[in-house]
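Examination of the molecular architecture
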Amino acid sequence: MSKKILIIASSPRRNGNSEMLCDAFIAGAQAAGNQVEKVTLAGKKINFCTACYACHKGECVHKDDAPEIARKMLAADVIVLATPVYFYTMCAQLKALIDRTVMVYPQIQNKDFYYLMTMAETDETMFKGTIEALRGFAACCENSRECGIVAVPGVYESGAIAGNPALETARKMGAAIQ
């Protein structure tokens, strides 16, 4: 049975290194017969959560793209969070989306999570903050599992990841989803 996979490409730069990882993951996942949808946050309007909790009374006060993406997260079996690493954590676009899931996160249950990330820094230990932040979100989603991480250091300029073995790792990771 195929899985519904939602890939959230959060880089503000279209077709950048983290998005290239997404595309490799997608190629593998589709080849394995899964249904895959990629949501690119670049160009989406996602306001910051203001902690007003209007969402708990029915509907968020912001009229933007976050509720639609949250609905897609609820419908997915697998959620792939892809981000460039800025100042040793996820980019602001992904953090804003995660914060906005306050409206539904108790319902984001039984999901498999994968994390794809790139950074200019060459010291791989500097992924720690990003990984812990992503794990913190998944930990709030009951019965969710971390299933894989692809973290690529030393890529800065758009396209710098081309030819990197991590692209094949991402493809194989996607292909292994059954």
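It should be noted that the structure appears before, not after, this text.
Summarised in this report is the structure supplied together with it. (Residues numbered from 1 in each chain as written. Predicted model: local features only at pLDDT ≥ 70, side-chain atom pairs only at ≥ 80, totals over all residues. Heavy atoms only, no water.)

Turning our attention to the overall build of the protein. The number of helices and strands found in the protein is five helices and six strands. Secondary structure elements in the protein, listed N-terminal to C-terminal, are β-α-β-α-β-β-α-β-α-β-α. The C-alpha atoms of the protein give 16 Å as radius of gyration, which agrees with the globular expectation for 178 residues (16 Å, within 12%). Judged by the C-alpha coordinates and their principal axes, the protein covers about 50 × 40 × 25 Å. Sequence separation of 24 or more characterises 81% of the internal contacts of the protein that already satisfy a separation of 6 or more. For the protein, the separation between the mean place of its 19 positive charges and that of its 18 negative charges on side chains is 5 Å. (Helix = DSSP H or I, 4+ residues; strand = E, 2+ residues; numbered from the N terminus. Rg over C-alpha atoms; globule rule 2.2 N^0.38 Å. Contact = heavy atoms within 4.5 Å. Lys, Arg positive; Asp, Glu negative; His and termini not counted. Charge placed at Lys NZ, Arg CZ, Asp CG, Glu CD.)

Structurally, the position occupied by T118 is in strand β5 (residues 112-118). For T118, the residues in contact, after removing those within four places along its chain, are N17, S18, L21, T83, P84, V85, F127, V152, V155 and I161.

Secondary-structure assignment places D64 in the loop between β2 (35-40) and α2 (66-75). The buried category is assigned to D64, whose relative accessible area is 15%. Residue contacts for D64: discarding those within four places in its chain leaves K45, I46, N47 and R100. A polar side-chain atom of D64 sits 2.7 Å from the main-chain amide nitrogen of N47. Here A66 takes part through its backbone nitrogen, which lies 3.2 Å from a polar atom of the side chain of D64. (Buried < 20%, exposed > 50% of the residue type's maximum accessible area, 1.4 Å probe, protein only. Polar contact = N/O pair within 3.5 Å; in protein donor to acceptor, adjacent residues only side chain to side chain.)

It is worth spelling out the pattern of salt bridges at this point. Tallied over the entire structure, the rule returns twelve salt bridges. Note that D112 and K3 form a salt bridge whose closest N and O atoms lie 3.9 Å from each other. Of this pair, D112 sits in strand β5 while K3 sits in the segment before β1 (4-9); the two residues are 109 residues apart in sequence, bridging distant segments of the chain. Overall, K3 belongs to the partly exposed group, its relative accessible area being 25%. Here D23 makes a salt bridge to K38, at a shortest N to O gap of 2.7 Å. (Salt bridge = Lys/Arg side-chain N within 4 Å of Asp/Glu carboxyl O.)

Compared with the 21 Å implied by 1.5 Å per residue over 15 residues, the 22 Å span of helix α1 (residues 17-31) between its first and last C-alpha is a close match. All buried positions along α1 are accounted for by N17, S18, E19, L21, C22, A24, F25, I26, G28 and A29. (Expected span 1.5 Å × (residues − 1).)

Attention shifts here to the pairing of strand β6 (residues 145-152). Of the strand pairs in this sheet, β5 and β6 are connected by seven bridges, and their pairing is parallel. Each residue of the ladder has a partner; that of M117, found in β6, is A151. (Pairing = 2+ DSSP bridges.)

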